[in-house]
Amino acid sequence: MHHHKLKDLPHDFLWGAASAAYQVEGAWDADGKGPSVWDLFTKLPGKTFEGSNGDVAVDHYHRMAEDVALMAEMGLKAYRFSVSWPRIYPTGRGEVNEAGLAFYEKLIDTLLAHQIEPVLTLYHWDLPQALQEEYGGWEDRRIIADFELYCVTLYQRFAGKVKYWVSLNEQNYNLTNAYQLGTHPPAVQDRKRFFAANHIAFLANARVIKAFRQHVPNGLIGPSFAYSPAYPASCDPKDMLAYENAEEFNNLWWLDAYCFGRYPQAALAYLRENGEAPEILPGDLALLREGTPDYIGVNYYYTLTYTDNPLGGQTLQRINTTGKKGTTPSSGIPGLYKTAPNPHLETSNWDWAIDPTGMRIALRRLSSRYGLPLMITENGLGEFDKLEAGDKINDEYRIDYLRSHVVACQEALQDGVELLGYCAWSFTDILSWLNGYQKRYGFVYVERDERGGSLRRIKKASFHWYSQLIASQGKQR
Ligand code: BG6
């Protein structure tokens, strides 16, 4: 559909930006914080780009007031951040660490003082190392009760102050890396264990959503899903089938479980036949149906295009973590699908397809299948930025990316999608998990590289652009 004129965005639209604890805070062992799985994993040789880690990150823990002052100057309406579980429970459970809670309370209060709506993510991958060691983290059902205790602690403390909550961030992306690709801790490559851990994560997600209803009756909660909508490489029925397979295995497997409390049929049948299906105990699916979300958080970066992949064909491959364009291989599951380049789309230096229409498609697919409100909880462009004379960063390419995706949001609204907000990834530059500090996303440049730096904050061109966009309610693009 082509529109003559775009509708105005609602007045309470949440123009936001996002971050995650491990990627910005630093202070990895300050004030009683326990180690997370990432604190250990990043120190193992060869795991991250040039051995980068979040020990210091961009030192947000000590520069919170300065960072929030920049958000206020920009006119930001919402800030999405995550709480680090091992700051609250250093060993995953037991004694609560008051200093950890106090840090987030101060952050929330500072945001509210500037009329910035906090969007709190309960889990953005930094599992307490103690739980990984004690019972294998997400592979053991004991994590459900421990995660619930941690979440309820936050509900009780912040129910009156925080309305928007995210349960699990990108369970799909994180666990695929952790248990299939072996690129996130605990670096396992075993599909049976992957589907088992993933099932337990669904149960934990549903349990904390259920508990949320009691403790935060006026709030809204949902998971943030890394949605890369699938496209077929051509109208060859073989490619169409590959696309159906990919959409079902890579997207609906999570989305249907979250929103309908069931697994998609063809994928489940395939996994059962292969002995890889998760063990579903009596009561599991009932729990999923009792813990469905209020809205879906959408992390959208790119679409993926699929083609037929015969048995014995292409296997799963690792992503580009260097920024050397054109180095990402095709990746797939033999017998189901493999990725193919999309000749209609430009890519970033990390080979991510730039596809604003894909975001509109994503929002429409989700909205019409699940009938829930949506929130873009992440969208942005990771690129090399250059600090030029006079403290200038001319990130025009990022402005172009964001502008086209904001237009896609407006088009989706026109298409009838209920969209609560748009959180760009990210506010300041951050540590990109596997790509080090050179893959930048922020509106605010942070002067540091893989080895360190002054940590000075410098506003990029995109900072001023976004500020103006917000002030004009999306009109001045
Ligand atoms: C998402 C994560 O996968 O995308 C973020 O939720 C992450 O934490 C972002 O930083 C961009 O990915 P990357 O690999 O470029 O840092």
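Above this note sits the structure.
A quick note: this is a predicted structure, and the numbers were derived from the prediction, not measured.

Description of the sheet that holds strand β5 (residues 220-226)
1) Next: With parallel pairing, the 8 strands of this closed barrel are ordered in space as β1-β2-β3-β4-β5-β7-β11-β12. Going from strand to strand, the sheet's axes swing by 30° on average, the running direction of each strand aside.
2) Next: Here strand β11 (residues 374-378) pairs with strand β12 (residues 419-425) via 2 bridges, running parallel. What sits directly across from Leu 374, in β12, is Leu 419.

Some details on the site of the ligand
1) Next: Every one of the 16 residues lining the ligand counts as a neighbour, but Gln 23, Glu 170, Ser 432, Lys 439 and Tyr 441 are closest to it.
2) Next: A distance of 3.3 Å separates an oxygen atom of the ligand from a polar side-chain atom of Trp 425.
3) Next: One of the side-chain nitrogen or oxygen atoms of Tyr 441 is found 2.5 Å away from an oxygen atom of the ligand.
4) Next: Across the complex, the protein chains shield 97% of the 380 Å² of accessible surface that the ligand would expose by itself.
5) Next: Of the residues assigned to the shell around the ligand, the class counts are 7 nonpolar, 6 polar and 3 charged.

Considering helix α15 (residues 461-471)
1) Next: For α15, a buried count of 8 out of 11 residues is recorded, marking the element as mostly surrounded by other parts of the structure.
2) Next: Burial in α15 covers these residues: Ala 461, Ser 462, Phe 463, Trp 465, Tyr 466, Ser 467, Leu 469 and Ile 470.
3) Next: Lining the buried residues of α15 we find β1 (14-18), α3 (60-74), α14 (396-414), β12, β13 (444-446) and β14 (457-459).
4) Next: Once α15 ends, the next one or two residues include Gln 473, with phi positive near 55°.

Focus on the environment of Met 64
1) Next: By the secondary structure assignment, Met 64 is in helix α3.
2) Next: On a C-alpha basis, the gap between Met 64 and Val 24 in space is 10.0 Å, while along the polypeptide they are 40 residues apart.
3) Next: What Met 64 contacts, discounting residues up to four positions off in sequence, is Phe 103, Lys 106, Leu 107 and Thr 110.

Thoughts on the pattern of salt bridges
Pairing between side chains becomes possible if they bear opposite charge and their charged atoms approach one another.
1) Next: Evaluation of the coordinates by the stated rule reveals 36 salt bridges.
2) Next: Glu 73 is the partner of Lys 459 in a salt bridge, and the nearest nitrogen-oxygen pair spans 2.6 Å. Here the residue Lys 459 occupies a position in strand β14, and Glu 73 occupies one in helix α3, the gap between them amounting to 386 residues.
3) Next: Overall, the relative accessible area of 46% leaves Glu 73 in the partly exposed class.
4) Next: A salt bridge links Arg 191 to Glu 276; the nearest nitrogen and oxygen atoms lie 3.0 Å apart. With Arg 191 in helix α9 (residues 191-215) and Glu 276 in the loop between α11 (265-273) and α12 (284-290), this residue pair connects regions lying 85 residues apart in the sequence. Judged on exposure class, the residue Arg 191 and its partner Glu 276 are both buried.
5) Next: In this structure, a network of salt bridges that share partners links the residues Asp 385, Asp 395, Arg 398, Asp 429, Arg 440 and Lys 460.

Parameters at a glance
- Residues numbered from 1 in each chain as written.
- Predicted model: local features only at pLDDT ≥ 70, side-chain atom pairs only at ≥ 80, totals over all residues.
- Heavy atoms only, no water.
- Pairing = 2+ DSSP bridges.
- Helix = DSSP H or I, 4+ residues; strand = E, 2+ residues; numbered from the N terminus.
- Axes fitted to C-alpha atoms, helices over the stretch in contact; angles between N-to-C directions.
- Near = heavy atom within 4 Å.
- Polar contact = N/O pair within 3.5 Å; in protein donor to acceptor, adjacent residues only side chain to side chain.
- Areas by Shrake-Rupley, 256 points an atom, 1.4 Å probe, with all protein chains shown as cover.
- Nonpolar A, V, L, I, M, F, W, Y, C, P; charged D, E, K, R; others polar.
- Buried < 20%, exposed > 50% of the residue type's maximum accessible area, 1.4 Å probe, protein only.
- Contact = heavy atoms within 4.5 Å.
- Salt bridge = Lys/Arg side-chain N within 4 Å of Asp/Glu carboxyl O.

Honestly, that's just the spatial picture; any functional story needs more than this.
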